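Spelled out, the chains give:
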Amino acid sequence: MAFYPSSEISKNVARMLLDSGCVQVRKEEPFRLPSGWASPVYMDCRRLISFPAARRELVKQGLDLLRQRGCLDGIQSIVGAEASGIAFAAWMADELELPLQYVRKQTRGIGHGSQMVGVTPQASRVLLVDDMVAAGTSKVNFLRAITSAGAGVKDLFVIFDYGTFPVEALLAPFGVALHALATWTDVLAVGRDSGHLDAGAVAEIEAFLANSAQWSSVHGGISDMKPVV
């Protein structure tokens, strides 16, 4: 399942994303996501590390959401996803005074070649943190690595969730719940009302949100995601 804060908080987050220049729209050539999906919009959350006030507020709202859901109870460490999730994981771990690890996208030929970096106690429960989730395929890779390292994870936190592709179906086999502060629906509402998005961008995003799988297929992307094996 996916969990979000109140509409007011999500719209405030969407405004920060727009003000920070994280929202990119292409009306002609779509973005090609690594998973194979095509999208007219892309969220570049990597920019957020350069905005101290915004990142502090996002960390606060993230921890508030996780506390409300009881997700921090029993957590023994925070794991950041390479590369964009590491900074937010570090800030959250610092606030909670918890150990930090990060999980690589792939193993490295150094030492034992583990994808996990840092001290990961066996049978520990961890929180996985990343900046955003679009299709969720990279998160499956991270979850497998965490499990292989002997840790357990029940919750994934991201600043932004596309809210369009079947992420929950990919996470379900791992028993992991998704927690996010905003989606494209929030960005569309705020961008339309504030003037951050012009009429053409609004129309393109509305069409995408109405049926993202069909939009992707028509624009050269995939229309369905293969199940996790």
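This text goes with the structure placed above it.
Everything numeric in this text was worked out from a predicted model, so none of it was measured. Sequence order as written defines residue numbering, which begins from 1 separately in each chain. Local features in this predicted model are restricted to residues whose pLDDT is 70 or higher, and side-chain atom pairs enter the listing and the counts only when it is 80 or higher, whereas totals over whole chains, interfaces and linings include all residues. With hydrogens and water set aside, each side-chain value is computed from the structure's full complement of heavy atoms.

### Let's talk about the overall build of the protein chain
- Each helix is a run of H or I in the DSSP string that is no shorter than four residues. Each strand is a run of E no shorter than two, and both are numbered from the N terminus. When you go through the protein chain residue by residue, the secondary structure sums to 8 helices and 11 strands.
- Both definitions apply: the radius of gyration is a C-alpha atom measure, and the globule rule equals 2.2 Å times residues to the power 0.38. In terms of overall dimensions, the protein chain is globule-like: its C-alpha atoms have a radius of gyration of 17 Å, near the 17 Å expected for 229 residues.
- In terms of overall dimensions, the protein chain has a C-alpha envelope of 50 × 40 × 30 Å along the principal axes.
- The cut-offs for exposure are 20% and 50% of the maximum accessible area for each residue type, with area from a 1.4 Å probe on protein chains only; residues under the lower value are buried, those over the upper are exposed, and the others partly exposed. Counting over 229 residues, the protein chain shows a buried share of 50%.
- Across the protein chain, every contact between residues at least 6 apart in sequence was considered, and the portion connecting residues at least 24 apart equals 66%. We call two residues in contact when some of their heavy atoms are within 4.5 Å.

### Remarks on the packing of helix α1 (residues 7-19) against helix α2 (residues 52-68)
- At a minimum axis distance of 11 Å, the contact between α1 and α2 shows a crossing angle of 155 degrees. With respect to each other, α1 and α2 are oriented roughly antiparallel. Handedness of the crossing formed by α1 with α2: left-handed. Residues I9, N12, V13 and M16 of α1 touch α2, and the partners they reach there are A54, E57, L58 and Q61. Axis lines are fitted to C-alpha atoms, over the contacting stretch for helices. Their N-to-C directions set the angle, which ranges from 0 to 180 degrees. An angle below 35 degrees is treated as roughly parallel, one above 145 as roughly antiparallel, one from 65 to 115 as roughly perpendicular, and anything else as oblique. Two helices crossing with the near one rotated counterclockwise from the far one by less than a right angle form a left-handed crossing, whereas a clockwise rotation gives a right-handed crossing.

### Observations concerning the pairing of strand β7 (residues 100-103)
- Every second residue of β7 is oriented toward a common face, the buried set being Q101 and V103 and the non-buried set L100 and Y102.
- We call two strands paired when DSSP finds no fewer than two bridges between them. Note: strand β6 (residues 77-81) against β7, 4 bridges, orientation parallel. Within β7, the position partnered with V79 by the bridge is Q101.
- Here β7 runs beside strand β8 (residues 116-117); their pairing, made up of 2 bridges, is antiparallel. Bridging across to β8, Y102 finds its partner in V117.

### Considering the nonpolar core
- Here, nonpolar core means buried Ala, Val, Leu, Ile, Met, Phe, Trp, Tyr and Cys residues that are tied together by side-chain atoms lying within 4.5 Å of each other. In terms of nonpolar packing, the biggest core is built from 53 residues, with M43, F160 and Y162 touching the most fellow members.
- Contacts of F160, omitting those with residues within four sequence positions, involve L17, M43, C45, D131, M132, V133, A180, A182, T183, W184 and V187.
- Among the nonpolar cores identified, the runner-up in size contains 22 residues, and V103, V133, A145 and I146 belong to it.

### Examining the sheet that holds strand β1 (residues 2-3)
- In space, the 7 strands of this open sheet follow the order β1-β11-β10-β9-β6-β7-β8, with mixed pairing throughout. The sheet is open, and its two edges are formed by β1 and β8, each paired on a single side.
- Packing of α2 onto the sheet brings it into contact with β1, β9 (125-133), β10 (152-161) and β11 (177-182), and relative to β11 it is tilted by some 140 degrees.
- Strands in contact with helix α3 (residues 85-96) are β6, β7, β9 and β10; relative to β6, the strand with the most contacts, it is inclined by about 165 degrees.

### Focus on the pairing of β6
- Extensive coverage of β6 is indicated by the burial of 5 of its 5 residues.
- Of the two faces of β6, the one carrying S77, V79 and A81 and the one carrying I78 and G80 are both buried.
- Pairing between β6 and β9: 4 bridges, direction parallel. Residue pairing for β9: S77 is matched across the bridge by V126.
- Consider the strands pointing away from the viewer: the crossover is right-handed when the path from the first strand over the helix to the second runs clockwise. In the classification by handedness, the crossover that spans β6, the intervening α3 and the parallel β7 is right-handed.

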